[in-house]
Structures are given as structure tokens and as C-alpha cells.
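Each chain, written out:
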Amino acid sequence: MKYWYNLTLREQIALIILTVFVGIFLIYVLMVMPLIERNEQSLLALNNEKARYNRIMQMAQTTRSTSSQPSINSIPSTPLRDAATSASRQTGVAISRIQPEADNSVTFWIDKAGTLEMMNWLVLLRSQYGYNATKVTIQKNSGEDTLRGQFKFKGENS
């Protein structure tokens with residue numbers, strides 16, 4: 001306090017103004033800027049998810065139009081597991097698990113694949129081998145731009 005009272009009125013006012021500006025600057029840098037950046041990142045992530053959704057919907061529409069056309073092979077000639085494996089090699093999709101079911105269906109798991117690769121795998125199985133997925137579950141991998149999915153197909157005898 002002794003220091004403060006030894007200052008002239010002009011110095012005290014200048015010190016108060018400087019303190020207010022430093023306080024405003026710190027509030028802006030430590031609170032407002034991180035909120036603005038977080039908001040921009042959220043908007044960017046939202047736009048990316050909207051674009052991914054639109055791509056998936058376009059691919060689904062392409063798949064629907066492809067599946068509505070009569071298949072060249074009414075009965076698939078290649079066994080389902082062989083067809084899925086071959087299609088995965090062609091599209092770059094890694095099948096992580098295959099589970100046959102009691103009802104002669106087969107479920108495939110893909111843990112990590114891009115949207116385009118996964119959709120190409122499904123389209124290839126339909127168009128080239130004649131297999132349509134009866135149940136599809138797709139989720140985005142957290143923190144990545146990849147998907148994981150579970151695909152159930154009717155077996156060869158169904």
C-alpha cells in the first residue's frame with residue numbers, strides 16, 4: 001500500500017487502466033479463444049459427418065438400384081465365404097471374424113475400413129457374386145475416419 005500511495009494520481013490511473021486491459025486480455029486468451037476454437041472444431045466435425053452420411057446414402061441408393069436389377073446369377077455359384085474373402089481382397093477390406101449361424105446364415109465382422117471400401121465390398125458381393133446382406137450394422141470408430149461393421153448374409157442353401 002505504501003508503494004501505491006507514493007505514486008502520483010496519473011501513475012495510479014495508468015496502472016489501473018493497464019491492469020484492466022491485462023485482465024481483459026487474459027480472459028479473452030484463456031476463456032474466449034478456446035471456446036471459439038472448440039466451436040469451430042465441432043462445426044467442422046459436424047460437416048464431416050454430414051458429408052459422410054450423404055456419401056453413405058448415395059452408396060446405399062446405388063446399391064438399392066443395383067439390387068433391384070435382376071441378377072445374372074439367380075443362384076450364387078461361389079460359396080459365400082470364398083466370395084466374401086475374394087471381394088475383401090479386391091476392395092482392401094480386412095474381415096476380422098466370420099461366424100456361421102444355425103439357420104445357415106453367415107455373419108462377417110469388419111473392424112476397420114473406409115466408407116468407400118466397405119460399400120464397394122457390399123456392392124461387389126451383390127453384383128459379382130449375387131449375395132445380398134440381410135442385416136447390416138455400421139458404426140464409426142471413435143477418434144478415426146474409419147468404420148466397423150457387422151454383416152449377415154443368408155447361406156448358400158437358404
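What you see is a predicted model, and the numbers here were worked out from it, not measured in a lab.

S.K.: Help me out: how do you make sense of the sheet that holds strand E1 (residues 95–100) in this one?
M.R.: By definition, the strands of a sheet pair up through backbone hydrogen bonds, in either a parallel or an antiparallel sense. Within the open sheet, the four strands sit side by side as E1-E2-E4-E3. Their pairing is antiparallel. Each having just a single partner strand, E1 and strand E3 (133–140) make up the two edges of the open sheet. On average, adjacent strands in this sheet sit at an angle of 10° to one another, irrespective of strand direction. Set on the sheet, helix H3 (residues 80–91) makes contact with E1, strand E2 (105–113) and strand E4 (147–154); between it and E1 the angle comes to about 170°. Across the sheet, helix H4 (residues 115–127) lies against E1, E2, E3 and E4, angled at about 10° from E4, the strand it touches most.

S.K.: Even after reading the chapter, I still don't get the nonpolar core, so can you show me in this structure?
M.R.: Ranked by internal contacts, the top residues of the largest apolar core, which has 21 residues, are Phe108, Ile110, Trp121, Leu125, Phe151 and Phe153. Taken together, the elements giving at least two residues each to this core come down to H3, E2, H4 and E4. Of the residues forming this core, the biggest block, six residues, is contributed by H4. In this view, Ile110 contacts Val93, Ala94, Ile95, Ser96, Met118, Trp121, Leu147, Arg148, Gly149 and Phe151; residues no more than four positions away in its chain are not counted.

Conventions used here
Residue indices begin from 1 for each chain and proceed along its sequence in written order. Local features in a predicted model are, by the rule used here, given only for residues with pLDDT of at least 70; side-chain atom pairs are given and counted only at 80 or more, and totals for whole chains, interfaces and linings are based on all residues. Excluded from the side-chain calculation are hydrogens and water; included are all heavy atoms of the structure. If DSSP finds at least two bridges between two strands, the strands pair. Secondary structure elements follow DSSP: runs of H or I no shorter than four residues count as helices, runs of E no shorter than two count as strands, and numbering proceeds from the N terminus. Orientation is described by axes fitted as lines to C-alpha atoms, over the contacting stretch for helices, and by angles from 0 to 180 degrees between their N-to-C directions. Between two residues, a contact is recorded if the distance between any of their heavy atoms is within 4.5 Å. By nonpolar core we mean a set of buried residues, namely Ala, Val, Leu, Ile, Met, Phe, Trp, Tyr and Cys, connected to one another through side-chain atoms within 4.5 Å. Three exposure classes are used, based on accessible area relative to the maximum for each residue type with a 1.4 Å probe and protein chains only: buried under 20%, partly exposed in between, and exposed over 50%.

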